[in-house]
Amino acid sequence: MFGLDKKDTSLLIVVALLTLLAPFILNPFPTDSGLAQFNAGYPDLMQRFIIFGIFAVGFNILFGLTGYLSFGHAAFLGVGSYSAVWMFKLLSYNILPAIALAVVVAGLFSLLIGYVSLRRSGIYFSILTLAFAQMSFALAYSVLSNPKFNLTNGETGLQVYNDDPQILQGANAPDLPHLFGLSMRSTYTMEVGPWAFDFNAGYYVCAVIMMIAFYLAIRIFRSPFGMMLRAVKSNQQRMNYTGLNTRPYTLAAFVISGMYAGLAGGLMAAMDPLAGAERMQWTASGEVVLMTILGGTGTLIGPVLGAGFIKYFENIFSKINDSVLHGWFAFLPDGLEDAVVTIIHPFVGKGWHLTLGILFMLVVIFLPGGLVEGGQRLAKWIRNRGKTEDKTSGKTEPAE
Amino acid sequence: MDSILLQILNGLDKGSAYALIALGLTLIFGTLGVVNFAHGALFMIGAFCAVSLQRLLNLSFETIDETQKDFLGNPLKVKTPYVEAWFGPDVGAWIIDWAVPLALLIAIPIMLAVGYIMERGLIKHFYKRPHADQILVTFGLAIVLQEIVKYFFGANPIQTPPPDALNGVANIGAALGMDIVYPVWRIVYFCFATLIIGGIFAFLQFTTFGMVVRAGMADRETVGLLGINIDRRFTIMFGIAAAVAGLAGVMYGPINPPNYHMGMDFLVLSFVVVVVGGMGSLPGAVLAGFLLGILESFASTTWATTTIPGINQIIIYLVAIIVLLTRPRGLMGRKGVMED
């Protein structure tokens, strides 16, 4: 289907089903039960799953295929957000032109940065992209927000004001980001017994866009172009010796992943019409690296899983405070209960980043392939347990 | 003329910090071939060594002083730090006053140990892995260290004042007949940095240990074949690099109150410094550190910021980009380092 082979088609269908049914899947616990705090099926979080999923899929096209580790991808996300909000300010709250401009501007911006940074590889490339992203952050944060030329509105963040032109904004169009009148905030809540499922227009717009982005990513992975990028990763020198100039390929990959980041930034602004400089800071770039590595570099589904995993636990872990912990360990004797809570305390609530850092280190050290590799190893172990006798000898791993 | 000299001086103290961190980064990269994203965290740990020592010295017990009364006529409670009780009020007060310089003494063993443990416990296992993995694991370590410090010391900057004798300003241009008033501590910081940098270079140049390390940097395998345990020496060099970063952090506290993310702020710039100086070149790192520090301070003058708004924020990155495009190896980079 759509020019994909059977395995990829089924992957695409599984992802489509998961995203479409996410409001059900992410809300497994009744609203009045004690476990309701583990529900993730509210619109804001679901939108973030999708948006960061797109961001990570795009990052993976660069890092997973070519091996170029960019530490400045958040700059493109921020640029996308800024251009989307400018479209809101100048034209109207319709999200289509905003997202289109976000993608185009991020693409141009990444072309510029990629052209310079891709002259170097390895660590130099990482540091160069990091420097560019920090420079963009400084530009957005202070330089481009002086009274004479206010492009980014500095610390406050760019937002839409009442006196903005909005020349195409219709008289009765909603005063919020919308798609031809369908507000991104409109939510239909379905109540089934004790459960409540939210169906949010913004989420489904994001979901459809993500399906398209994911499909394109599959096509890129399976195309001769993707093969070329993998060749760059495994041995760039040999590619050069065969007389092939690899730079156009890496630059194309860089621009494509920059456009994915711009798309994510545009969607972020479309869900909440705000753009701030902190989206471009290097911590945000680090976050997408974490997502991709955690999920599984170079795999199709890995980055999406990683993004969902990090965003879910960020939300859930930061909600767990001491009283919740005491509730969980109430069955223990008092002294022991306090001790257990004291031990866990630094890792939850505000300490979520500590847990994330430790988790990330463990993944890099023991499971370089991320969650996907973990799943594969687990599946292999289960399969091999059933048939311990017949060890397939002489099994060859495909060369990277 | 005075104002130019003043700007150069302004650049020197920040440049010293850049140079010290970049020197450590280059030492680690040159010896072990590892890019250490956790180096900024080591700088921060150094600064928090000073904070901890200060808190430790200020630990006090309360006594009721019958001679002093508050307005209700009750005797006042007086806090006396333990050190004052042990060493007498004068010596105790002196020790508390000189907490930051004294922290250097405890920071050296702590940082050497941290560096040693880090290398043996974690980085050792990453020599054979790709550079990307090394970056990622040290990046994760940096997050962890940063969050641990945040957990114990909170998110707000903590004041670490310099000793009273070195606080305040001095007119250092008086001898030359000029009027240059400058904070004393910043001059101390610059002298300290020069001392450390000179020490490291002398150590590498004039001791047998340093000679072996330099030989190992040039050709690790051959040195190993000659029957020298080069890994062990490189581990010690890692510890020394960590100590340099830590000492830079200890002394930087009075200039900028330490907070948990100061390391990362410096790290990004220090990487730029290393790249501008030339990966793997120690003199290049030091030179670029001071150069970029001075450039940054010149870009912060009112004249520069009114001509090009915000130039002070981006000057370092701009210089780095120009240098990389015109001299890809950096100012003093060697051939064959990181060129694959």
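It should be noted that the structure appears before, not after, this text.
Predicted model, so just to flag it, every value in this text is computed and none were measured.

Caption draft 1: Region of interest: the pattern of salt bridges. All names here are of chain A. Going through the model one piece at a time under the given rule, you end up with 11 salt bridges over all chains. In this structure, Arg-185 and Asp-272 form a salt bridge, with 3.6 Å as the shortest nitrogen-oxygen distance. Of this pair, Arg-185 sits in the loop between β5 (182-183) and β6 (187-192) while Asp-272 sits in the loop between α10 (247-271) and β8 (274-275), and the two are 87 residues apart along the sequence. The class for Arg-185 is partly exposed, based on a relative accessible area of 43%.

Caption draft 2: A look at the interface of chain A and chain B. On the chain B side, the residues contacting the 39 residues of chain A number 39 residues. Summed over both partners, the interface of chain A with chain B comes to about 3,600 Å²; 82% of that surface belongs to carbon and sulfur atoms. Linking chain A with chain B are two residue pairs in polar contact (both at pLDDT 80 or more). The set of elements that each furnish at least two residues to the side of chain A that touches chain B consists of α6 (122-143), α11 (282-295) and α15 (352-366) of chain A. Here the element with the most residues in the side of chain A that touches chain B is α6 of chain A; it accounts for 15 residues. Residue composition of the side of chain A that touches chain B, grouped by class: 27 nonpolar, 10 polar and two charged.

Caption draft 3: Representation of helix α1 (residues 6-20) of chain A within the structure. Residues and elements named next belong to chain A. Here α1 contains 15 residues, and its C-alpha end-to-end distance of 21 Å stays within 8% of the 21 Å for a straight helix at 1.5 Å per residue. Here α1 has its buried residues at Asp-8, Thr-9, Leu-12, Val-15 and Thr-19. For α1, the angular spread of buried residues about the axis comes to 130°, placing them on one side. When the buried face of α1 is taken as reference, the exposed residues oriented beyond 90 degrees from it are Lys-6 and Lys-7.

Caption draft 4: Seen up close, helix α4 (residues 74-90) of chain A. Taking 1.5 Å per residue as the helical rise, α4 of chain A with its 17 residues ought to reach 24 Å, and the 24 Å between its terminal C-alpha atoms agrees with that figure. Of all 17 residues in α4 of chain A, 15 are buried; the element is thus mostly enclosed.

Caption draft 5: Focus on the packing of aromatic side chains. On inspection of all chains with the given rule, the structure shows 35 aromatic pairs over all chains. Relative to Phe-209 of chain B, the ring of Phe-203 of chain B lies with its centre 5.5 Å away and its plane at 35°, an arrangement referred to as tilted. A network of ring pairs unites the aromatic residues Phe-24, Tyr-188, Phe-197, Phe-199, Tyr-203 and Tyr-204 of chain A as a single cluster. Over the ring of Phe-52 of chain A we find Lys-311 of chain A, and its NZ or CZ is 4.1 Å from the ring centre.

Caption draft 6: The side chain of Asp-198 of chain A, seen in detail. All names here are of chain A. Assignment of secondary structure puts Asp-198 in strand β7 (residues 195-200). In this structure the side chain of Asp-198 is engaged in a polar contact, spanning 3.1 Å, whose partner is the side chain of Thr-189. Setting aside chain neighbours within four positions, we find Asp-198 in contact with Pro-23, Gly-41, Tyr-42, Pro-43, Met-46, Thr-187, Tyr-188 and Thr-189.

About the criteria used
- Residues numbered from 1 in each chain as written.
- Chains lettered and ligands numbered in written order.
- Predicted model: local features only at pLDDT ≥ 70, side-chain atom pairs only at ≥ 80, totals over all residues.
- Heavy atoms only, no water.
- Salt bridge = Lys/Arg side-chain N within 4 Å of Asp/Glu carboxyl O.
- Helix = DSSP H or I, 4+ residues; strand = E, 2+ residues; numbered from the N terminus.
- Buried < 20%, exposed > 50% of the residue type's maximum accessible area, 1.4 Å probe, protein only.
- Contact = heavy atoms within 4.5 Å.
- Buried area = accessible area lost by both parts, 1.4 Å probe.
- Polar contact = N/O pair within 3.5 Å; in protein donor to acceptor, adjacent residues only side chain to side chain.
- Nonpolar A, V, L, I, M, F, W, Y, C, P; charged D, E, K, R; others polar.
- Expected span 1.5 Å × (residues − 1).
- Arc of directions from axis to C-beta.
- Phe/Tyr/Trp six-rings, centres within 6.5 Å; stacked < 30°, edge-to-face > 60°.
- Lys NZ or Arg CZ within 6 Å of the ring centre and 35° of its normal.

In short, shape yes, function no, at least from these values alone.
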